[in-house]
Amino acid sequence: MGNEKLYKIGELAKLADVSPRTIDYYTKLNLIEPEKRSDTNYRLYSDETLSRLKRIESMKNEKYTLEEIKANMQQWSKVSSDDTVRDKLTSLQLHLEQLMKEAKELSPLIQQLKPNQMKKLYRILTQPTAACIEALIVLLGKNPFS
């Protein structure tokens, strides 16, 4: 841990733009936890907790339930201890789920496409999708090319 900055609940709340009560609630739900306690028994939170709190708020803004957020956070903590990888995976997952919502909304229009239009759409979407899958594989440390 070394020289890592630790924050009291009020400082953390201000940095994450949430209320101290929200932090208390997330702590009770085990979504976040204090790094340690101060000599005067204040809960102290790390930068990692701040990042986690920001991910939680981002997922809430994407209309995830707290149950879904908790499940996702537990899943990501199993993937890697590297915060950069976890942040990127979370970002990719949120983006993918947003795209899936949009695809469902566009489904009636897609079904009305003519065969040639459908082939063109398929070609346009296939390459970026494959690139995203390859990036996920590399981020997960399962690079088939190494």
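Quick notes on the rules
- Residues numbered from 1 in each chain as written.
- Predicted model: local features only at pLDDT ≥ 70, side-chain atom pairs only at ≥ 80, totals over all residues.
- Heavy atoms only, no water.
- Phe/Tyr/Trp six-rings, centres within 6.5 Å; stacked < 30°, edge-to-face > 60°.
- Buried < 20%, exposed > 50% of the residue type's maximum accessible area, 1.4 Å probe, protein only.
- Lys NZ or Arg CZ within 6 Å of the ring centre and 35° of its normal.
- Helix = DSSP H or I, 4+ residues; strand = E, 2+ residues; numbered from the N terminus.
- Arc of directions from axis to C-beta.
- Axes fitted to C-alpha atoms, helices over the stretch in contact; angles between N-to-C directions.
- Parallel < 35°, antiparallel > 145°, perpendicular 65-115°, else oblique.
- Contact = heavy atoms within 4.5 Å.
- Nonpolar A, V, L, I, M, F, W, Y, C, P; charged D, E, K, R; others polar.
- Core = buried A, V, L, I, M, F, W, Y, C linked by side-chain atoms within 4.5 Å.

A. The packing of aromatic side chains, seen in detail. Within the structure shown, the criterion is met by one aromatic pair. Residues Tyr25 and Tyr26 carry aromatic rings whose centres are separated by 6.5 Å and whose planes lie at 40 degrees to one another, so their mutual orientation is tilted. Residue Tyr25 is classed as partly exposed on the basis of its relative accessible area, which comes to 45%. On the basis of relative accessibility, which here comes to 1%, the residue Tyr26 falls in the buried class. Positioned above the aromatic ring of Tyr42 is the side chain of Lys8, whose terminal nitrogen or guanidinium carbon lies 4.5 Å from the ring centre. The cationic tip of Lys101 hangs over the ring face of Tyr64; the distance from NZ or CZ to the ring centre is 6.0 Å.

B. Quick peek at helix α2 (residues 20-28). The set of residues buried in α2 consists of Ile23, Tyr26 and Thr27. Burial along α2 is one-sided: seen end-on, the buried residues are contained in an arc of 100 degrees. Among the exposed residues of α2, those pointing more than 90 degrees away from its buried face are Arg21 and Lys28. Asn30 lies just past α2 and shows a positive phi near 65 degrees.

C. Representation of the packing of helix α1 (residues 9-16) against α2. Two elements in contact, α1 and α2, have axes separated by 8 Å at closest approach and are oriented at 105 degrees. Considering the angle they form, α1 stands roughly perpendicular to α2. Facing Ile9, Leu12 and Ala13 of α1, the residues of α2 in contact are Pro20, Ile23 and Asp24. Of the residues in the contact of α1 with α2, the class split is five nonpolar, no polar and one charged.

D. Focus on the nonpolar core. Counting 19 residues, the largest nonpolar core has Leu12, Ile23, Ile32, Leu53, Ile56 and Ile69 as its most contacted members. Elements represented by at least two residues in this core include exactly α1, α2, α3 (47-61) and α4 (66-79). Discounting chain neighbours no more than four positions away, the residues touching Leu12 are Tyr7, Ile23, Tyr45, Thr49, Leu50 and Leu53.

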